[in-house]
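Observations on the model geometry
Listed here are the chains, written in short residue letters.
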Amino acid sequence: MNNKVWGAIKGKNELAVEARGLVKSFGDNYAVNGVDMSVRAGTIYGVLGPNGAGKTTTIRMLATLLRPDAGSAQIFGYDVVKEAAIVRQLIGVTGQYASVDESLSATENLVVFSRLLGLGRQEAKRKAEELLEEFGLSEAAKRPLKNFSGGMRRRLDLAASLIAQPPLIFLDEPTTGLDPRTRAQMWETIRRLVNTGSTVLLTTQYLDEADQLADRIAVIDRGQVVAEGTADELKASVGTSSLHLRVKLPEEVNYARQLVENVLKVRSNISAEAGKITAPMADADRVTDLLLALRDAGVHLSEISVQKPTLDEVFLTITGHGVKEQPPAEAEMSSVMKEARA
């Protein structure tokens, strides 16, 4: 990285990312429609949303890969459009799919990336060895990538994005398709990156991932930020707890739902799927009243519990649908790829 650029941001307690009113459309489809975002340096910022919500398009605009139709964005104070060359020196990007070369070994991939970034032959080799050690890939350094597992490829892809030691790292769904053990390893790697001074902007569909990693979370739905805050703040926004009950007989579900609304005094944010009813509930003492009402009405339950809010309830309450229910925006992604190639 250019020392002058690094010196301009090092040691400052400022925003790593500041976006205002970002808009990107493809034909009549608004993939991003007025996104605001503020990410403090030295934190993990989670962007949560379903397929097609606009997460990847937002990342591409912030990473200078797509030009916004409207709005503005700065990376450490540098404009992503007017000062794109400087911004690219400040960021590393890991997409949803590994960008490594199947025909090369892990070492060869990292050496090639290093040379493309201007490192000398010996420095490139040293950097490759360091990164392979950091990501637990030293023993597989010379192994053909066709023999790598999905988790190993994702780690190698992340390692490649860190060759220039960027202060800001974009991770676009980095654990998609990974087994639980490898996901946990990636989580630890992401935490280490922040502990050593980097800022991470992480997009994910996994509620538990955002809950575990992010200092703050933006919920994106249909191209807009519909909620933002810490995990605890988002959970508190839907109540201190939630009621979960399952009705034995399908024909009793609607009646049970009416009772829940009447007793708990809620008129929305109740979902009924396959006999399961979920409702926000600020006062846990009302459970007794509800149980008596259900018993008197002859409604048969197979399960009931009171739980603290999860990000799943947050997303359901805010958007009206589950985090994975919205289908992928194929037209959007096709247009994104077409423009990126242009």
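Calculation criteria
- Residues numbered from 1 in each chain as written.
- Predicted model: local features only at pLDDT ≥ 70, side-chain atom pairs only at ≥ 80, totals over all residues.
- Heavy atoms only, no water.
- Buried < 20%, exposed > 50% of the residue type's maximum accessible area, 1.4 Å probe, protein only.
- Helix = DSSP H or I, 4+ residues; strand = E, 2+ residues; numbered from the N terminus.
- Arc of directions from axis to C-beta.
- Contact = heavy atoms within 4.5 Å.
- Axes fitted to C-alpha atoms, helices over the stretch in contact; angles between N-to-C directions.
- Parallel < 35°, antiparallel > 145°, perpendicular 65-115°, else oblique.
- Left-handed = near helix turned anticlockwise from the far one by under 90°.
- Nonpolar A, V, L, I, M, F, W, Y, C, P; charged D, E, K, R; others polar.
- Core = buried A, V, L, I, M, F, W, Y, C linked by side-chain atoms within 4.5 Å.
- Salt bridge = Lys/Arg side-chain N within 4 Å of Asp/Glu carboxyl O.
- pLDDT = per-residue confidence, 0-100.
- Pairing = 2+ DSSP bridges.

**Digging into helix α11 (residues 286-296)**
Burial in α11 covers these residues: V287, L290 and L294. Buried positions in α11, seen along its axis, are confined to an arc of 60° and lie on one side of it. For α11, the exposed residues lying more than 90 degrees away from the buried face are T288, R295 and D296. Elements in contact with the buried residues of α11: β11 (241-247), α10 (253-264), β13 (276-281) and β14 (301-307). At the exit of α11 stands G298, carrying a positive phi of roughly 75°.

**What about the packing of helix α6 (residues 150-161) against helix α7 (residues 180-195)?**
It is at 10 Å that the axes of α6 and α7 come closest, and there the two elements cross at 15°. When the interaxial angle is binned, α6 and α7 end up roughly parallel. In terms of crossing hand, the pair formed by α6 and α7 is right-handed. On the side of α6, the interface is formed by G151, R154, R155 and L158, while α7 contributes T182, Q185, M186 and T189. Looking at the contact of α6 with α7, its residues break down into two nonpolar, four polar and two charged.

**Points about the nonpolar core**
One finds L110, L156 and V200 to be the most contacted residues of the largest nonpolar core, which totals 32 residues. Secondary structure elements with two or more residues in this core: α4 (106-116), α5 (121-134), α6, β7 (168-172), α7 and β8 (199-204). Once residues lying within four places of it in the same chain are set aside, the contact partners of V200 are T43, I44, Y45, I169, L171, I190, L193 and V194. By size, the runner-up hydrophobic cluster in this structure holds 31 residues, among which are L22, M37, A63 and V87.

**Topic: the pattern of salt bridges**
What the rule picks out here adds up to 17 salt bridges. With its nearest N and O atoms 3.6 Å apart, the salt bridge here joins D157 to R154. With D157 and R154 both in helix α6 and three residues apart, this pair spans about one turn of that helix. Judged by relative accessible area, D157 falls into the buried class, the value being 4%. D221 serves as the salt-bridge partner of R222, at 2.8 Å between the closest nitrogen and oxygen. Within the structure, one salt-bridge network assembled from shared partners comprises E123, R126, K127 and E130.

**A word on the confidence of the model for the protein chain**
Averaged over every residue, the pLDDT of the protein chain is 83; residues scoring 70 or more account for 85%. Across the protein chain, the element-wise mean pLDDT spans from 43 in helix α13 (residues 330-341) up to 97 in strand β4 (residues 70-75). Here residues 325-342 scores under 50 on pLDDT; set against residues more than four positions off or in separate chains, the count is 31 contacts.

**Considerations on the packing of α10 against α11**
For the pair α10 and α11, interaxial distance at closest approach is 10 Å and the crossing angle is 145°. Note on packing geometry: the crossing formed by α10 with α11 is right-handed. Each of A256, L259, V260, V263 and L264 in α10 lies in contact with α11, whose residues at this interface are R286, D289, L290, A293 and L294. Here the residues of the contact of α10 with α11 are counted per class, giving eight nonpolar, no polar and two charged.

**Some points on the pairing of β13**
Within β13, five of the six residues are buried, which leaves it mostly tucked inside the rest of the structure. With six bridges joining them, β11 and β13 adopt antiparallel strand pairing. Within the sheet, the bridge partner assigned to S241 lies in β13 and is M281.

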